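Read off the chains here:
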Amino acid sequence: MELVKTIQEVRVAVKAWKKQGLTVGFVPTMGYLHEGHRSLMDAAAAQNDKVVVSIFVNPMQFGPTEDLEQYPRDLEQDRNLCEAAGAALIFHPEPEEMYGKNFCSFVDMTGLTEGLCGKSRPVHFRGVCTVVTKLLHIVQPDRAYFGQKDAQQLAVVRRMVEDLNMDVTIVGCPIIREADGLAKSSRNTYLSSEERQAALVLSRALKAGKEKLEQGVREAEPILAVIRETIRQEPMAKIDYVELVDAETLQPIDRVERDALAALAVFIGKTRLIDNFIFTI
Ligand code: PAF
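Residues numbered from 1 in each chain as written. Predicted model: local features only at pLDDT ≥ 70, side-chain atom pairs only at ≥ 80, totals over all residues. Heavy atoms only, no water.

K.L.:
When you look at the sheet that holds strand S7 (residues 237-246) in this model, what are you seeing that I'm missing?
P.N.:
Strand pairing within a sheet occurs via backbone hydrogen bonds; the two strands may be parallel or antiparallel. Strand order in the open sheet formed by three strands is S7-S8-S9, with antiparallel pairing between adjacent strands. Looking at the sheet topology across the chains shown, the edges are occupied by S7 and strand S9 (271-279). Going across the sheet, the axis of each strand differs from the next one's by a mean of 15 degrees, ignoring polarity. Looking at chain direction, strand S8 (residues 260-268) and S9 are connected through nine bridges and run antiparallel. Within the sheet, the bridge partner assigned to alanine 262 lies in S9 and is phenylalanine 277. Lying on the sheet, helix H10 (residues 220-232) is in contact with S7 and S8; it crosses S7 at an angle near 160 degrees. (Pairing = 2+ DSSP bridges. Helix = DSSP H or I, 4+ residues; strand = E, 2+ residues; numbered from the N terminus. Axes fitted to C-alpha atoms, helices over the stretch in contact; angles between N-to-C directions. Contact = heavy atoms within 4.5 Å.)

Right, here's the structure in full:
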């Protein structure tokens, strides 16, 4: 496995593979890899001849008061995990390699990016769309892998790829959870042991909402109410949002008649965590 830092090195490697008729699966990440990322790499390895992983903490997707500086980093551990997963190449650029001195071109989206996380993170999806576009242009993969944990990101990337006719298949992969239900996230590392315990309220609240749906409730209000009520029982938790939206358009719904996404963001202390489930009709 090779680790490269320049766009040129990625292009040379990928061109050589393509010349041999090999397929390329791509897993974009911000590093501090965990089993969630491992599952994306495993899916990529199962469906492609070569797997490329990018490790880049993208400054453009962080707001001015967000955790860009504290975002956890451990390249050695990441390298070992990628190696074990059978990745062929890690792309680990410096910010200057991705955003040159005169950088002023962005990829932006309306609609899907305005609700849910977009409300409290107004610059986030412009940063995600811009960096994912750049990474897809650099790596030119056949398939790219994104976790369902960032449900809005996955929906946004799917739409962007369709709207802008990008020649890549986007593969969504299920959320990977700890044994007690907490969705795996690099940001879980910010939690104290007390907060780690309190964070279980996210999956517990979603489970309560899912049970309502499974009992046949279709009105959004009682489903949202049980989720909110469960979260309010945890004193360390503060709701950022709890929403029930159409799984494709991400627009809020009053009633579940098509596939729906129940999504939430909750602060546990200073740490903002997200989780969700899709209810399939
Ligand atoms: O999900 C992430 O880790 C990031 O948003 C991504 C897709 C790597 C873009 O920076």
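What follows picks up the thread again.
K.L.:
It is not clear to me how the site of the ligand should be interpreted in this structure. Could you clarify?
P.N.:
In the region of the ligand, the neighbouring residues are Pro28, Thr29, Met30, Asn58, Gln61, Val131, Phe146 and Gln153. Between an oxygen atom of the ligand and a side-chain N or O atom of glutamine 61, the distance comes to 2.6 Å. Glutamine 153 has a polar side-chain atom sitting 2.7 Å from an oxygen atom of the ligand. Calculation on the ligand without its partners gives an accessible area of 290 Å², and the protein chains cover 89% of this total. Counted by class, the shell around the ligand contains four nonpolar, four polar and no charged residues. (Near = heavy atom within 4 Å. Polar contact = N/O pair within 3.5 Å; in protein donor to acceptor, adjacent residues only side chain to side chain. Areas by Shrake-Rupley, 256 points an atom, 1.4 Å probe, with all protein chains shown as cover. Nonpolar A, V, L, I, M, F, W, Y, C, P; charged D, E, K, R; others polar.)

K.L.:
I tried to follow the pattern of salt bridges on my own but got confused; where do I start?
P.N.:
Close approach of charged atoms allows side chains of opposite charge to pair. Enumeration over the complete set of coordinates arrives at 19 salt bridges. Between arginine 196 and aspartate 180 there is a salt bridge whose closest N-O contact spans 3.0 Å. Linking arginine 196 in helix H8 (residues 193-198) with aspartate 180 in the loop between strand S6 (169-173) and H8, this pair joins segments that are 16 residues apart in sequence. Judged by relative accessible area, arginine 196 falls into the partly exposed class, the value being 23%. Among the residues examined, aspartate 180 registers a relative accessible area of 39% and is labelled partly exposed. The shortest N-O distance in the salt bridge between arginine 255 and glutamate 257 comes to 3.1 Å. Looking at arginine 255, the relative accessible area reads 36%, which means it is partly exposed. Here glutamate 257 falls in the exposed class, since its relative accessible area comes to 56%. (Salt bridge = Lys/Arg side-chain N within 4 Å of Asp/Glu carboxyl O. Buried < 20%, exposed > 50% of the residue type's maximum accessible area, 1.4 Å probe, protein only.)

K.L.:
Explanation requested: the state of the cysteines in the structure shown.
P.N.:
Here is the idea: a disulfide is a covalent bond, and it sits between the sulfur atoms of two cysteines. The full count for this structure, using the stated rule, is zero disulfides. Here cysteine 82 is not cross-linked by a disulfide; its sulfur's nearest cysteine counterpart is in cysteine 173, at 15 Å. On the basis of relative accessibility, which here comes to 0%, the residue cysteine 82 falls in the buried class. Cysteine 129 takes part in no disulfide bond, and the closest cysteine sulfur, belonging to cysteine 117, lies 13 Å away. (Disulfide = S-S within 2.5 Å.)

K.L.:
Looking at this structure, I do not really get the sheet that holds strand S2 (residues 24-29). What am I missing?
P.N.:
With parallel pairing, the six strands of this open sheet are ordered in space as S1-S4-S3-S2-S5-S6. Both edges of this open sheet fall to strand S1 (2-4) and S6, since each of them pairs with a single strand only. Each strand axis lies, on average, 25 degrees off the axis of its neighbour in the sheet, ignoring direction. As judged from the five bridges shared by strand S5 (residues 143-147) and S6, these two strands associate in the parallel manner. Opposite alanine 144, over in S6, you have isoleucine 170 as the bridge partner.

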